[in-house]
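Here is how the chains run, residue by residue.
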Amino acid sequence: METKIFQKNEIKMAADTLRQNELVAFPTETVYGLGANATSEQAVKKVFAVKGRPTDNPLIVHVQNFEQVKNYVAQFHPLTPQIVERFWPGPLTLIFKTKPNAFPSVVSAGLSTVSFRMPNHPLTLALIEATGVPLVGPSANTSGRPSPTTSQHVYHDLQGKIAGILEGGATEIGVESTVLDLSDSHRAPMILRPGGVTKEELEAALGMDVLVDPHLVSESEAPKSPGMKYQHYAPSTKVLMIGPTDWEEALNWAQKQQLKVGLQASPEVVRRFQSQAQASYCYADNQVASATKGLFAGLRALDEADLDYIFVATYPETGLGTAYMNRLKKAANQKYFMNN
Ligand code: TXA
Ligand code: MG
């Protein structure tokens, strides 16, 4: 099949394609999603097939507004109105207990809960509205690859396998949404995946501590979010994490071993060390927001450069740095230069 690139004046055509239960990838503020009609079992099954996604990994249902969610949910956590008011539309996915048969069971991998998100992107919201049904939207990459932050990344992974891609330029945040479990009304909200909304922001808005899935703290715990157990986000080139004071030693080591390395770091680090590397991907500045925006794009670009290693800068694990480091550790298979 030919994968059509829909421009922003072609949203109606993209929506018609989705209504025919074909797949259309769409931009969001986090990463590109692989859209399909969430009410059609046939359409949702195609999503799993095209991505090569394990069927025990549930999908996020993308909605146009909170009203749409009310049709499907059995019971809301008491903090829901406060959370929705503050963070929707935005990079926060909320898990609720749903009514029986709210969606075909493939959507939630047979769980009694479903996750919902209202993306903060005018084109996506217009697309959901024009389609008239909620859309499932896993990241629009082949399973295991870094998530796509441009339409070109989607095209690279899925060309010929999906009907279309809605063009929306590069995504703003660069990593996926925070997944927050609100399915147990008697328990505080629990973060299952760190993302665009930080724990600090949630706690400030709610005036209370939120829980964090123990799996995110200790590797011996099984994740509550099925998707978090798979190795994700990995390029085929080996990735090593480099702490701020370890660049010199890491590059000396690489030179001695005659290894071809690519640098992925702030402009300061790249300027200082690029003469010792074969390739580099420079973040826009030294801020963690810029690093997060460039993380997957950098891994994809350097993966094309025929290298032995990609050396990627670490950032402190607070605020958005928690999401950045969560994705980077998976891409690096937990390997720091020092522990190598
Ligand atoms: O930012 C995002 O969230 C992007 C954009 C496109 O919206 N989407 C995305 O979807 O990252 P995906 O499918 O790649 O990741 C969804 C994550 C997985 O880790 C999945 O296991 C978890 O959410 N999840 C979905 N429904 C769940 C549920 N009912 N219970 C627990 N975890 C769930
Ligand atoms: Mg994904």
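Here the structure is a predicted model, which means the values were calculated and not measured.

(A) Structural detail: the overall build of the chain. On a plain count of helices and strands, the chain comes out with 12 helices and 16 strands. In terms of overall dimensions, the chain has C-alpha extents of about 60 × 50 × 30 Å along its principal axes. The 340 residues of the chain split such that 59% are buried. Residue pairs at least 24 apart in sequence account for 67% of intrachain contacts in the chain once pairs closer than 6 positions are excluded. In the form shown here, the chain has an accessible surface area of approximately 14,400 Å², with 49% of it arising from carbon and sulfur atoms.

(B) Seen up close, the UniProt feature "domain: YrdC-like" (unreviewed entry) in the chain. As annotated in UniProt, the feature "domain: YrdC-like" (unreviewed entry) corresponds to residues 8–197 in the numbering used here. Annotated as residues 8–197, this span is 27% helix and 21% strand, and its ends, taken at the C-alpha atoms, are 27 Å apart.

(C) Representation of the domain arrangement of the chain in the model. Here the chain is described as being made up of domain 1 (4–212) and domain 2 (238–339). Taken residue by residue, the interface counts 23 residues in domain 1 and 16 residues in domain 2. Both sides together, the interface formed by domain 1 and domain 2 hides about 1,500 Å², and carbon and sulfur atoms give 54% of it. Counting the surface domain 1 buries against domain 2, the share from its top three residues, Pro146, Val175 and Pro194, is 33%. Our enumeration of links across domain 1 and domain 2 arrives at 4 salt bridges. The salt bridge partner of lysine 293 is glutamate 172, with a shortest N-O separation of 3.7 Å. Linking domain 1 to domain 2 there are 7 residue pairs in polar contact (both at pLDDT 80 or more).

(D) Spotlight on the nonpolar core. Counting residues in hydrophobic clusters, the biggest one holds 47 residues, and the most contacted among them are Trp88 and Phe116. Contributing elements (two or more residues each) for this core: strand E3 (33–37), helix H2 (41–51), helix H3 (66–70), helix H4 (80–87), strand E6 (92–98), strand E7 (113–117), helix H6 (151–158) and helix H7 (199–206). Top element by residues in this core is H2. It accounts for 5 residues. Core analysis: the next-biggest nonpolar cluster, separate from the first, contains 41 residues, Val175, Trp247, Val261 and Ala279 among them.

(E) Representation of the pattern of salt bridges. A complete count under the given rule lists 17 salt bridges for this structure. Notably, a salt bridge pairs glutamate 10 with lysine 4, separated by 3.6 Å at the nearest N-O pair. With a closest N to O distance of 3.0 Å, glutamate 317 and lysine 329 form a salt bridge. Residue glutamate 317 is found in the loop between strand E16 (309–313) and helix H12 (321–331), and its partner lysine 329 is found in helix H12; the two are separated by 12 residues along the sequence.

(F) Expanded view of the environment of threonine 93. When you line up the elements, threonine 93 lands in strand E6. Leave out the neighbours within four places in its chain, and threonine 93 touches Ile60, Ser115, Phe116, Arg117, Ser177, Thr178, Val179 and Leu180. Looking at threonine 93, its side chain comes within polar contact range of the side chain of serine 177, at 2.8 Å.

(G) Expanded view of the site of ligand 1. In the vicinity of ligand 1 there are 27 residues, among which Thr30, Asn57, His62, Ser177 and Gly227 approach most closely. The separation between an oxygen atom of ligand 1 and a polar side-chain atom of histidine 62 is 2.7 Å. A distance of 2.9 Å separates an oxygen atom of ligand 1 from a polar atom in the side chain of arginine 193. Coverage of ligand 1 by the protein chains reaches 97% of its 680 Å² of free accessible surface.

(H) Broad picture of the packing of aromatic side chains. Overall, the coordinates contain 14 aromatic pairs when judged by the stated rule. Ring centres of tyrosine 283 and tyrosine 324 lie 6.3 Å apart, and the angle between their planes is 80°; on these two criteria the pair is classed as edge-to-face. Here the residue tyrosine 283 occupies a position in the loop between strand E15 (279–282) and helix H11 (288–303), and tyrosine 324 occupies one in helix H12, the gap between them amounting to 41 residues. The residues tyrosine 283 and tyrosine 324 share a single accessibility class, namely buried. Connected via pairs of aromatic rings, a cluster forms that spans Phe66, Tyr72, Phe76, Trp88, Phe96, Phe103 and Phe116.

Parameters and conventions
Residues numbered from 1 in each chain as written. Chains lettered and ligands numbered in written order. Predicted model: local features only at pLDDT ≥ 70, side-chain atom pairs only at ≥ 80, totals over all residues. Heavy atoms only, no water. Helix = DSSP H or I, 4+ residues; strand = E, 2+ residues; numbered from the N terminus. Buried < 20%, exposed > 50% of the residue type's maximum accessible area, 1.4 Å probe, protein only. Contact = heavy atoms within 4.5 Å. Areas by Shrake-Rupley, 256 points an atom, 1.4 Å probe, with all protein chains shown as cover. UniProt positions renumbered as here; feature names shortened; annotations may be inferred. Domains from an automatic or database assignment. Buried area = accessible area lost by both parts, 1.4 Å probe. Salt bridge = Lys/Arg side-chain N within 4 Å of Asp/Glu carboxyl O. Polar contact = N/O pair within 3.5 Å; in protein donor to acceptor, adjacent residues only side chain to side chain. Core = buried A, V, L, I, M, F, W, Y, C linked by side-chain atoms within 4.5 Å. Near = heavy atom within 4 Å. Phe/Tyr/Trp six-rings, centres within 6.5 Å; stacked < 30°, edge-to-face > 60°.

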